[in-house]
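Results of the structural survey
Residues per chain are reported as follows:
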Amino acid sequence: MSRDTQTGRGVSASASSDTLEELPADLSSLDLADPQTFLRYDQGELWRRLRAENPVFWNAPRDGRPGFWALTRYDDIMHVYRDSSTFISARGNVLAALLHGGDSAEGKMLAVTDGSRHRELRKVFVKAFSPRTISTVAEKVQENTESLVRSAVEVGSCDFAQDIAEKIPMRTICDLLGVPEPDQGELLILTKKALSAEDDQITEFDSILARNEILVYFSSLLEEFRKNPRGGVIGTFADAQASGTALSNEEIVLNCYSLIIGGDETSRLSMISSIPALVEHPAQWAALSSGSIGSQTATEEILRWTTPAMHFGRTTLKDTNVSGHAINQGDVVTLWNISANRDEAVFASPDVLNLSRSPNRHLTFGYGPHFCLGAELGRIEIRAMLDALCRFAADITLTDTPKRVRSNFLSGISSLPVKFTPRR
Ligand code: HEM
């Protein structure tokens, strides 16, 4: 079995080598905007070769889309994250927006806002994500996760993606926002459609429709919050005016949307991908479940290993250069965190899962002014899942071929049938 769960391989022999193609000798024909690229090739090999042979890679224009830069080395990526006045986020921070005319939420949604407005908005978010709020949500996460894992282990088998992982982050972010429980299931369906990563049947039109439905949903929820003020992040957003940073209804709705999208998929995919990682590294699983490796340190390695959000991107505001390559004003530069997290110049034996790895300076949550606001929450969710697995399961077996997500942004698995042996 392959050791590389970043590639989603090794879980079943037939799912891996039968379907993967050799990388081309000349990497210039690669297209990192094409979701199929990540299913076609072994990703470990893909990133290793790009880092070694073409670390500042020019992804040529194709099918009417513009070309873009793709950085794969840790230090180059850090250089861009650090220089947020040259490399800006406003025109979009993922390929889907950057190659299609920019992000319509420019200057309104936190992740695609720069400079002083970004700092103002971020202050409101930080207030909404106060340690007190997070610790209340964390308690619920632990209870919910324990109960889901305990039930699944008692039954003996489940689809880890659908029966466990799907039920944790969405509920967490909805609790944080103040979304009523009966609405949460529908929001999850809409989120999946909006990102269209897990189902080949979902068209671009379905995704746009789902995105609009989420926005309409949050508009009406905001109206309710204004009529009957309550707590939760939406409450803090609605209140922000009073504390000096006015947020328009549109800004509030767009930022709720971004929290749902950002808070659900990433944590969920990281949780799911951690299962093949543990199954394929029985000695690591044994050390974790016996307590000789702590779940806090293990969580960081799971985050590095799984890197659910493969890339983020920026637009170059003025002519510059990265590692001697001229980058022109207006160029799109993408930062492949998934590759940085396996950079042999930074991580010893990067392709070995080492749950006790420390220090672990992974870039899974990004870096700099846009560093993930939900990082603590993401960590809490993954750690709660590891703790619950250690508590209730003696062993985990994969019982079928996992179904991999098809996306140029997200990396992970959408269906993962497993069998548990309960801990006696
Ligand atoms: C494992 C889970 C997660 C991963 C891998 C992840 C990853 C990231 C990354 C890499 C960024 C930086 C984007 C950029 O530089 O353009 C980011 C930003 C952000 N994330 Fe996360 N995230 C996760 C969980 C969450 C959760 C649970 C929430 C919300 C509850 C959240 C909310 C945000 C927000 C609001 C931003 C924008 C911050 C800003 O622009 O100032 N994320 N995330």
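Cut-offs applied
- Residues numbered from 1 in each chain as written.
- Predicted model: local features only at pLDDT ≥ 70, side-chain atom pairs only at ≥ 80, totals over all residues.
- Core = buried A, V, L, I, M, F, W, Y, C linked by C-beta atoms within 7 Å.
- Buried ≥ 20, exposed ≤ 12 C-beta atoms within 10 Å, placed from the backbone.
- Helix = DSSP H or I, 4+ residues; strand = E, 2+ residues; numbered from the N terminus.
- Contact = placed C-beta atoms within 7 Å.
- Pairing = 2+ DSSP bridges.
- Axes fitted to C-alpha atoms, helices over the stretch in contact; angles between N-to-C directions.
- Near = placed C-beta within 6 Å.
- Nonpolar A, V, L, I, M, F, W, Y, C, P; charged D, E, K, R; others polar.

Looking at the nonpolar core
- One finds Leu71, Phe160, Leu177, Phe237 and Ile272 to be the most contacted residues of the largest nonpolar core, which totals 109 residues.
- When residues of this core are assigned to their parent elements, the largest contribution, 12 residues, is made by helix 13 (residues 249-279).
- Excluding anything up to four places from it in sequence, Phe160 contacts Ala165, Ile272, Ile275, Leu416 and Val418.

A few points about the sheet that holds strand 12 (residues 417-422)
- Sheet architecture is open: 3 strands sit in the order 4-12-9, paired in antiparallel fashion. Single-partner strands in this sheet number two, and they are strand 4 (157-159) and strand 9 (393-398). The sheet shows a mean angle of 30° between the axes of neighbouring strands, taken without regard to direction.
- As paired elements, strand 4 and strand 12 share 3 bridges and run antiparallel to each other. Across the sheet, residue Ser157 finds its bridge partner in strand 12, namely Lys419.
- Contacts from helix 7 (residues 131-155) reach strand 4, strand 9 and strand 12 within the one sheet, and its direction differs from that of strand 12 by about 85°.
- Running over the sheet, helix 13 touches strand 9 and strand 12 and is turned about 100° from strand 9.

Considering the site of the ligand
- Contacts to the ligand come from 25 residues, most closely from Gly263, Gly366, Cys372, Gly374 and Gly378.
- For the shell around the ligand, the secondary-structure elements that each account for two or more residues are helix 13 and helix 17 (375-392).
- Of the residues belonging to the shell around the ligand, the class tally is 11 nonpolar, 13 polar and 1 charged.

Describing unusual backbone geometry
- Here the residue pair Ser358 and Pro359 is connected by a cis peptide bond, since its omega of 0° sits within 30 degrees of zero.
- Within the element layout of this structure, Pro359 appears in the loop between helix 16 (337-340) and helix 17.
- Positive phi outside glycine occurs at Thr307, with the angle close to 25°.
- Summarising the element assignment, Thr307 is placed in the loop between helix 15 (295-306) and strand 5 (311-316).

Some points on the sheet that holds strand 1 (residues 56-59)
- The 5 strands lie next to each other as 1-2-8-5-3, forming an open sheet whose pairing is mixed. Every interior strand has two partners, whereas the edge strands, strand 1 and strand 3 (87-88), have only one.

Points about the pairing of strand 5
- Strand 5 sits mainly inside the fold: 6 of its 6 residues count as buried.
- Judged by which residues are buried, strand 5 turns out to be covered on both faces: His311, Gly313 and Thr315 on one side and Phe312, Arg314 and Thr316 on the other are all buried.
- As paired strands, strand 3 and strand 5 are joined by 2 bridges and run antiparallel to one another. In the sheet register, Phe87 faces strand 5, and the bridge partner there is Thr316.

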